[in-house]
Amino acid sequence: MEGPVHKPSKTEFNEYSTLMLKNPYVLRLAFSAGLGGLLFGYDTGVISGALLYIRDDFRSVDRHTVLQETIVSMAVAGAIIGAALGGYMNDRIGRKKSIMIADVLFFVGAIVMAVAPSPGVIILGRIFVGLGVGMASMTSPLYISEVSPAKVRGALVATNGLLITGGQFLSYLINLAFTRAPGTWRWMLGVAGLPALVQFVLMFSLPESPRWLFRKNRDEEAASTLRKIYPPSEADNEIAALQKSVQAEREDEGAMGKISIFKLLKTKIVRRGLTAGIGVQVAQQFVGINSVMYYSPTIVQLAGFASNKTALALSLITSGLNAVGTIISMFFVDRTGRKKLMIISLVGMILTLISLTIIFHESSTHSPAIGVSQTAHFGNFTCPNYKAMPAAKWNCMSCLKASADCGFCADSSNKLNPGACLIVNDGAKNACNVEHRQWYTRGCPSSFGWFALTCLGLYIIFYAPGMGTIPWIINSEIYPLRYRGVCGGIAATANWISNLIVSQTFLSLTEALGSAYTFLLFGVFAFISLGFISLFVPETKGLPFEEVEKMLEHGRVGHWNRGDDIVLPK
């Protein structure tokens, strides 16, 4: 919110705790709007588990990696459109109504997926869900930031991130709950409509953003909301500061006319804000986090854990660590600062991604051999590709890479001993399982599996407090009021486009490069992101929005220390 500069102190998070007791109204606003983050997180997590069972029900999905990627990524494609529309709708109809429209889209998508008779209809439902998620992804943190006192704004916006990770954790619990239920994946995807319905009902009782209300000349409504947010001793000053800021924005509109991309880029403050805002959003995705969240059970299987249920249970651990990391962010975001948390986050992620590269490389090169006698034991179930090649050169990994029709049946006494390379069908799988052997089609038995999961957990712990929540906080703080909806939409769209690229290519990359070099590629992007954030992203902790604008204008941000560009009129 607008007002005098609030200097950060060591007790800032205590302000958040005090607020819980003194003014629960602000928390109710933040958590109700933050349910949009829950939708975001639930959709991210639920598809990773549902995909395992969709593959079982639809052979075409199991055989074609691209179709699996499409089912995952079409929600992201819908989110790109939703984020772009969200920026426009936020400014036209307000933050509150935009969130409610997002809820309707999400609910419709969940129902469509639950009753889908074919992969094509699942994809259609994913698009509807994506539209809702995209709108909510940029509207919820914006709304929360505009109804939050500056001293605790970071912590309150971080509640949106907490609810994202909470949604992911909830989705894994629900995935596990329905593993034995008829229609498994239908329940997993259909339950997603419930939090959307709850938020839709709650939003009826919430006010519109006071910033947006002042923009629309609804001053009494805005003042009434601010008096509920701030104590009486501060309310009048905050109302006056916000009115002054809005008036300055209106004068700026008269001087500069309608918003266009050209004017956005020509305006120094906005251009620098967009550079930082878009940069951190792209970085958030290109470090590979959503490949982990969308495909977490699949990655667990690549690490050597074969069963769907085991993969889901172990993925629950990574999701729980993500939630823990987000809680850590809430404690430190207004104390340590946004930029420093992102730098610490990226350094840790680089180290863990290098470790994952080494582990998956060693796992691949030391996978169990294919035994001639083991394979012959299953007679006609032998993989055709294995018959056509010299047997001495084959191991589990070469069996799986030879064809989507090849699977590995591990030795019953020790899964690291030589096993059989068999054709992938129900007969071969049943013949393998009846002898109490493990059946592998995604990854191979490995003595490195637990090391891989440990590094994956550390990767999540480093990601969540910094790169997980801070990019959304930065984008809720860094733009002038008049441009906030449009610029926030542009940055959120950039996030979703990057998300689409990662989610649509991850499985293909693991097939083409191998798991090891795919993680190495993410590590390279993390290193590039570290340099970018050090140079181009400002520190915004504890600052009112006007101070952030002044910092960008006067070039007190790493690389920016010169230039005579056009600036916003004051």
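Here the structure is shown first, and the text comes after it.
Residues numbered from 1 in each chain as written. Predicted model: local features only at pLDDT ≥ 70, side-chain atom pairs only at ≥ 80, totals over all residues. Heavy atoms only, no water.

Engineer: Where do I start with the environment of Leu27 in this structure?
Structural biologist: Locating Leu27 in the fold gives a position in helix H2 (residues 24-57). A relative accessible area of 9% means that Leu27 is categorised as buried. (Helix = DSSP H or I, 4+ residues; strand = E, 2+ residues; numbered from the N terminus. Buried < 20%, exposed > 50% of the residue type's maximum accessible area, 1.4 Å probe, protein only.)

Engineer: What should I look at first to understand the environment of Leu530 in this one?
Structural biologist: Topologically, Leu530 is positioned in helix H26 (residues 515-536). Judged by its relative accessible area of 15%, Leu530 is buried. Filtering out sequence-adjacent residues up to four positions away, Leu530 remains in contact with Ile343, Leu346, Val347 and Ile350. (Contact = heavy atoms within 4.5 Å.)

Engineer: Can you walk me through the packing of aromatic side chains in this structure?
Structural biologist: Ring pairs (aromatic) are described by centroid distance and by the angle formed between their planes. Throughout the structure, instances matching the rule amount to ten aromatic pairs. Between Phe178 and Trp187, the ring centres sit 5.5 Å apart and the planes meet at 10°, which makes this aromatic pair stacked. Ring geometry for Phe286 against Phe525: centres 5.1 Å apart, planes inclined by 65°, an arrangement best described as edge-to-face. Here Phe525 lies in helix H26 and Phe286 lies in helix H14 (residues 268-286), a separation of 239 residues in the sequence. You can call Phe525 partly exposed: its relative accessible area is 28%. One aromatic cluster is present, built from ring pairs that chain together Phe360, Phe506, Phe519 and Phe522. (Phe/Tyr/Trp six-rings, centres within 6.5 Å; stacked < 30°, edge-to-face > 60°.)

Engineer: Looking at this structure, I do not really get the nonpolar core. What am I missing?
Structural biologist: Within soluble globular proteins, side chains that are nonpolar tend to cluster in buried spots. Of all hydrophobic cores here, the largest spans 124 residues; its most connected members are Ile54, Trp185, Phe360 and Trp496. Top contributing element to this core by residue count: H2, with 16 residues. In contact with Ile54, other than residues within four places in its own chain, are Val61, Ile71, Ile122, Trp185 and Leu189. In terms of nonpolar packing, the next biggest core, distinct from the first, is built from 14 residues, Cys399, Cys406, Cys421 and Cys444 among them. (Core = buried A, V, L, I, M, F, W, Y, C linked by side-chain atoms within 4.5 Å.)

Engineer: I would appreciate a short explanation of the packing of H14 against helix H24 (residues 470-477) in the present structure.
Structural biologist: Between two packed helices, the angle of one axis relative to the other and the distance separating the axes together describe the packing. Put simply, H14 and H24 touch, their axes get as near as 9 Å, and they point 165° apart. If you check the angle between H14 and H24, you find them roughly antiparallel. For H14 against H24, the interelement crossing comes out left-handed. The segment H14 lies against H24, with Gly277, Val280, Gln281 and Gln284 engaging Pro471, Trp472, Ile474 and Asn475. (Axes fitted to C-alpha atoms, helices over the stretch in contact; angles between N-to-C directions. Parallel < 35°, antiparallel > 145°, perpendicular 65-115°, else oblique. Left-handed = near helix turned anticlockwise from the far one by under 90°.)

Engineer: Looking at this structure, how should I read the pairing of strand S1 (residues 406-409)?
Structural biologist: It is a general feature of regular strands that their side chains alternate between the two faces of the sheet. Burial of S1 is two-sided: the residues Cys406 and Phe408 facing one way and the residues Gly407 and Cys409 facing the other way are all buried. Pairing geometry for S1 and strand S2 (residues 420-423), over four bridges, is antiparallel. Considered in S2, the bridge of Gly407 is made with Leu422. Where S1 and strand S3 (residues 439-440) come together, two bridges link them in antiparallel fashion. Counted as the bridge partner of Cys409 is Trp439 from S3. (Pairing = 2+ DSSP bridges.)

Engineer: I keep staring at the pattern of salt bridges and nothing clicks. Help me out?
Structural biologist: Any two side chains of opposite charge can pair, given that their charged atoms come close. The final tally for this structure, using the stated rule, is six salt bridges. Taking the shortest distance from any N to any O, the salt bridge between Arg95 and Asp91 comes out at 3.5 Å. The partly exposed category is assigned to Asp91, whose relative accessible area is 23%. A salt bridge links Glu146 to Arg95; its shortest N-O distance comes to 2.9 Å. Highlighted residues: Glu146 in helix H6 (residues 119-146) and Arg95 in helix H5 (residues 95-114), separated in sequence by 51 residues. Of the two residues examined, Glu146 and Arg95, each falls in the buried class. What emerges from the salt-bridge pattern is a single network uniting Asp91, Arg95 and Glu146. (Salt bridge = Lys/Arg side-chain N within 4 Å of Asp/Glu carboxyl O.)

Note that every value here comes from positions in space, so none of it alone points to a role or purpose.
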